[in-house]
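For reference, the chains in residue letters:
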Amino acid sequence: MSIDKQTPYGGINISVEAIASVAGDAATSCYGVLGLASKTASVFEAVLGKKEYAKGVMPHKIKDGYEVDLYIVVAYGVKITEIVTEVQKKVKYVLEKSFDIKFKAVNVYVQSVSNM
């Protein structure tokens with residue numbers, strides 16, 4: 001899936017990989033986030049590298065906008081609700097500023113808790 005956007009200067013096609021890269025960088029820069037995980041990740045293969053962020057970020061179109069699903073690995077010993085709230089706020093802000101598109105929701109799923 002890609003997002004098509006029209007501007008006065010022409011059309012822009014935003015790829016899933018671009019959205020995944022921006023959202024992944026924003027999410028992993030938050031305190032307590034060790035990395036992104038695949039939607040179907042097992043505990044042993046949890047943390048994805050930068051080139052694989054598209055496996056852990058799933059943008060999709062809804063009726064009146066766009067949503068992003070993020071699958072993250074969090075650090076052991078930190079408050080998960082605080083991490084998820086911060087990731088939601090930061091990723092939504094960064095995506096909207098980067099692509100000038102409104103995102104209705106950023107859904108964060110904690111795939112694993114690790115003490116790496």
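Residues numbered from 1 in each chain as written. Predicted model: local features only at pLDDT ≥ 70, side-chain atom pairs only at ≥ 80, totals over all residues. Heavy atoms only, no water.

Comments concerning a nonpolar patch on the surface
On the surface, Tyr76, Ile80 and Val113 cluster together into a nonpolar patch covering about 320 Å² of accessible area. Within the secondary structure, Ile80 sits in helix 2 (residues 80-99). Using a relative accessible area of 35% as the deciding quantity, one classes Ile80 as partly exposed. (Patch = residues over 30% accessible without salt bridge, like charges linked within 9 Å, V, L, I, M, F, W, Y side chains within 5 Å. Areas by Shrake-Rupley, 256 points an atom, 1.4 Å probe, with all protein chains shown as cover. Salt bridge = Lys/Arg side-chain N within 4 Å of Asp/Glu carboxyl O. Helix = DSSP H or I, 4+ residues; strand = E, 2+ residues; numbered from the N terminus. Buried < 20%, exposed > 50% of the residue type's maximum accessible area, 1.4 Å probe, protein only.)

What about the packing of aromatic side chains?
Enumeration according to the criterion identifies two aromatic pairs in this entry. Ring geometry for Tyr66 and Phe103: centres 6.3 Å apart, planes at 50°, overall tilted. Remark: Phe103 occurs in strand 6 (residues 103-114) and Tyr66 occurs in strand 5 (residues 65-75); sequence separation between them is 37 residues. With respect to class, Tyr66 is no different from Phe103; both count as buried. Both rings, one in Tyr71 and one in Tyr109, keep their centres 5.0 Å apart while their planes meet at 15°; by these two values the pair is stacked. In this pair, Tyr71 is assigned in strand 5 and Tyr109 in strand 6, connecting sequence segments 38 residues apart. On the accessibility criterion, Tyr71 (6% relative accessible area) is buried. The ring of Tyr66 is capped by Lys61, whose NZ or CZ atom sits 4.8 Å from the centre of that ring. (Phe/Tyr/Trp six-rings, centres within 6.5 Å; stacked < 30°, edge-to-face > 60°. Lys NZ or Arg CZ within 6 Å of the ring centre and 35° of its normal.)

Some thoughts on helix 1 (residues 16-28)
The end-to-end C-alpha distance of helix 1 is 18 Å, a good match for the 18 Å that 13 residues give at a rise of 1.5 Å each. Listing the buried residues of helix 1 in full gives Val16, Ile19, Ala20, Ala23, Gly24, Ala26 and Ala27. Projected down its long axis, helix 1 carries its buried residues within an arc of 165°, all on one side. Structurally, helix 1 contributes buried residues whose contacts are with strand 1 (3-7), strand 2 (10-14), strand 3 (33-36), strand 4 (57-62), strand 5 and helix 2. (Expected span 1.5 Å × (residues − 1). Arc of directions from axis to C-beta. Contact = heavy atoms within 4.5 Å.)

What to know about the nonpolar core
Ranked by size, the top nonpolar core spans 27 residues in total, and within it Leu70, Val87, Val91 and Leu95 carry the most contacts. Breaking this core down by element, the ones donating at least two residues are helix 1, strand 3, strand 5, helix 2 and strand 6. The element best represented in this core is helix 2, accounting for six residues. (Core = buried A, V, L, I, M, F, W, Y, C linked by side-chain atoms within 4.5 Å.)

Regarding the packing of helix 1 against helix 2
Relative to each other, helix 1 and helix 2 sit at 140°, their axes nearing to 9 Å. Classified by the interaxial angle, the pair formed by helix 1 and helix 2 is oblique. Considering the relative orientation of helix 1 and helix 2, their crossing is right-handed. In contact with Ala18, Ile19, Val22, Ala23, Ala26 and Ala27 of helix 1, helix 2 contributes Val87, Lys90, Val91, Val94, Leu95, Ser98 and Phe99. Tallied by class, the residues present in the contact of helix 1 with helix 2 amount to 11 nonpolar, one polar and one charged. (Axes fitted to C-alpha atoms, helices over the stretch in contact; angles between N-to-C directions. Parallel < 35°, antiparallel > 145°, perpendicular 65-115°, else oblique. Left-handed = near helix turned anticlockwise from the far one by under 90°. Nonpolar A, V, L, I, M, F, W, Y, C, P; charged D, E, K, R; others polar.)

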